[in-house]
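# Observations on the model geometry
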Amino acid sequence: MKLWFRKRSSPHESAPQTTANEPHTTHIEHTLSTIDDDSHPLITDTSIESTSSHVVTADSKQTDQPSEPILTVREVHRIFETGSAEIHVLKGINMEVRPGQLVMLKGRSGSGKTTLLNMLGGLDLPSRGEIYFNKFPLHGWNDDERTQLRRKEIGFVFQAFALLPLLSARENVELSLRMASVPKEEWDDRVKHCLDLVGLSKRMNHRPFELSGGEQQRVAIAKAIAHRPKLLLADEPTANLDSQMGAQVMSVFRNIIATENVTICMTTHDLTILEVADHVYEMVDGKFIS
Ligand SMILES: Nc1ncnc2c1ncn2[C@@H]1O[C@H](COP(=O)(O)OP(=O)(O)OP(=O)(O)O)[C@@H](O)[C@H]1O
């Protein structure tokens, strides 16, 4: 089975950075991977071809893209104090992420990607500079204010899946609804919907050790979007997966952007998935070079 990623260049955004020597066309039709997964209703040939809301495409969201950024980063620096030494990790970062985009941060290990992602999610504060989530100035908010915002508006996906091992897939997803104070009577429907979105509704009673790495990561995505966040931040979400499983994760990301109105910002080392992005920022030694 083939997963198709269709992107159309838009006058409002820069062309994505792709691997060197790759031809740019107005339409890029890209077969990312060939996957056999009959447990995955979302990414079957029939669903991709016949259900327009599930087509893996960037076209639809770009036609009516609102112009206000969901994230605005201005001249952000991060300096860590370690004993007598100072480590200047971020050195003047500027970026914007618009609703419905899939934005990737790429760069070598140690370049500062995770440090920036943590600040985009309000887990850490810049030493100087400004970070706005919609119009909210995260850089001026205290811990409690940022925690409240995170619980409601932001979801996180990590490289190491971060599922609780003794809980089933259903219970893991339920946990994030509990944390976000979603009324209990809504849990069943929302958990089923989210596990269905990532193609795992048939495995909802399985515990993490009974699932493959790719399946665990898809449960982690269901968990991260269950409370309907506007922004999903993912730190190397495909790093522990083989290329096929990584392609499934990227397919799920594209579909949740289309169906759940979520915006995604992720870090990656994986050059093979960059073409799926709407925009790629390349970080070198704490600065963007693109
Ligand atoms: N709390 C901290 N205290 C001191 N130094 C830190 C702290 N957090 C990160 N650093 C340093 O900041 C630099 C950037 O780290 P960061 O994790 O952001 O890089 P990265 O690009 O995400 O790397 P990787 O791809 O390996 O995850 C590293 O040199 C790291 O040691």
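Placed above this text is the structure.
In this report, we go over the structure that sits alongside the text. Here the residue numbering is sequential within each chain, running from 1 through the sequence in written order. Where local features are concerned, this predicted model is filtered to residues with pLDDT of at least 70; where side-chain atom pairs are given and counted, the filter is 80 or more; whole-chain, interface and lining totals use all residues. Note that the side-chain values use all heavy atoms of the structure and ignore hydrogens as well as water.

## A short note on the site of the ligand
What counts is decided by this rule: Consider each residue's heavy atoms; a residue with any of them within 4 Å of a molecule or strand counts as near. Pairs of N or O atoms within 3.5 Å make up the polar contacts considered here, provided that, within protein, one atom can donate a hydrogen while the other can accept it, and that residues adjacent in sequence are counted only when both atoms are side-chain atoms. Accessible surface area values rest on a Shrake-Rupley calculation with a 1.4 Å probe, where residue burial reflects the displayed protein chains alone. Here a helix means four or more residues in a row that DSSP labels H or I, a strand means two or more in a row labelled E, and each is numbered from the N terminus. Any residue outside Ala, Val, Leu, Ile, Met, Phe, Trp, Tyr, Cys, Pro, Asp, Glu, Lys and Arg is labelled polar, Gly included; the first ten of those are nonpolar and the last four are charged.
Ser109, Gly110, Lys113, Thr114 and Thr115 are the nearest of the 14 residues found near the ligand. With respect to the ligand, the backbone of Gly110 contributes an N or O atom lying 2.8 Å from an oxygen atom. Isolated, the ligand exposes 630 Å² of accessible area, and the fraction of that covered by the protein chains is 61%. When residues in the shell around the ligand are grouped by element, the largest group, three residues, is from helix H3 (residues 113-120). Its residues assigned to classes, the shell around the ligand comprises three nonpolar, eight polar and three charged.

## A few points about the nonpolar core
We count it as follows: As used here, the term nonpolar core means buried Ala, Val, Leu, Ile, Met, Phe, Trp, Tyr and Cys residues forming a set that is joined through side-chain atoms within 4.5 Å. To sort residues, take the accessible area from a 1.4 Å probe on protein chains only and compare it with the maximum for the residue type: under 20% means buried, over 50% means exposed, and anything in between is partly exposed. Residue contacts are counted whenever heavy atoms from the two residues lie within 4.5 Å of one another.
Counting residues in hydrophobic clusters, the biggest one holds 43 residues, and the most contacted among them are Met104, Leu195, Leu232, Phe253 and Ile256. Elements represented by at least two residues in this core include exactly strand E5 (102-107), helix H5 (169-179), helix H6 (187-197), helix H7 (213-225), strand E9 (231-235), helix H8 (243-260) and strand E10 (263-268). If near-sequence neighbours (up to four positions away) are discounted, Phe253 is found in contact with Ile221, Leu232, Ala234, Pro237, Ile264 and Met266. Of all hydrophobic cores here, the second largest spans 26 residues; its members include Leu138, Leu149, Ile154 and Phe288.

## With respect to H6
We apply this condition: What the arc describes is the spread of directions from the helix axis to the C-beta atoms.
Listed in full, the buried residues belonging to H6 are Trp187, Arg190, Val191, Cys194, Leu195 and Leu197. On an axial view of H6, the arc spanned by its buried residues comes to 155°, and they lie on one face. For H6, the elements touching its buried residues are H5, H7 and H8. Positive backbone phi, approximately 75°, marks Gly199, located one or two places after H6.

## Some details on the sheet that holds E10
For clarity, the threshold we go by: Should DSSP find at least two bridges between two strands, the strands are regarded as paired. Only the stretch in contact is used when a helix axis is fitted, and all axes are lines through C-alpha atoms; the angle between N-to-C directions ranges over 0 to 180 degrees.
With mixed pairing, the six strands of this open sheet are ordered in space as E8-E9-E10-E5-E11-E12. Since the sheet does not close on itself, it has two edges, and those belong to strand E8 (154-157) and strand E12 (287-288), each with one partner. Across five bridges, the pairing between E5 and E10 is parallel. When the bridges of E10 are listed, Leu102 appears paired with Ile264. Most of the contacts of H3 go to E9, to which it runs at about 160°, and overall it touches E5, E8, E9, E10, strand E11 (279-284) and E12. Helix-sheet contacts for helix H4 (residues 143-153) involve E8 and E9, and the interaxial angle to E8 is about 80°.

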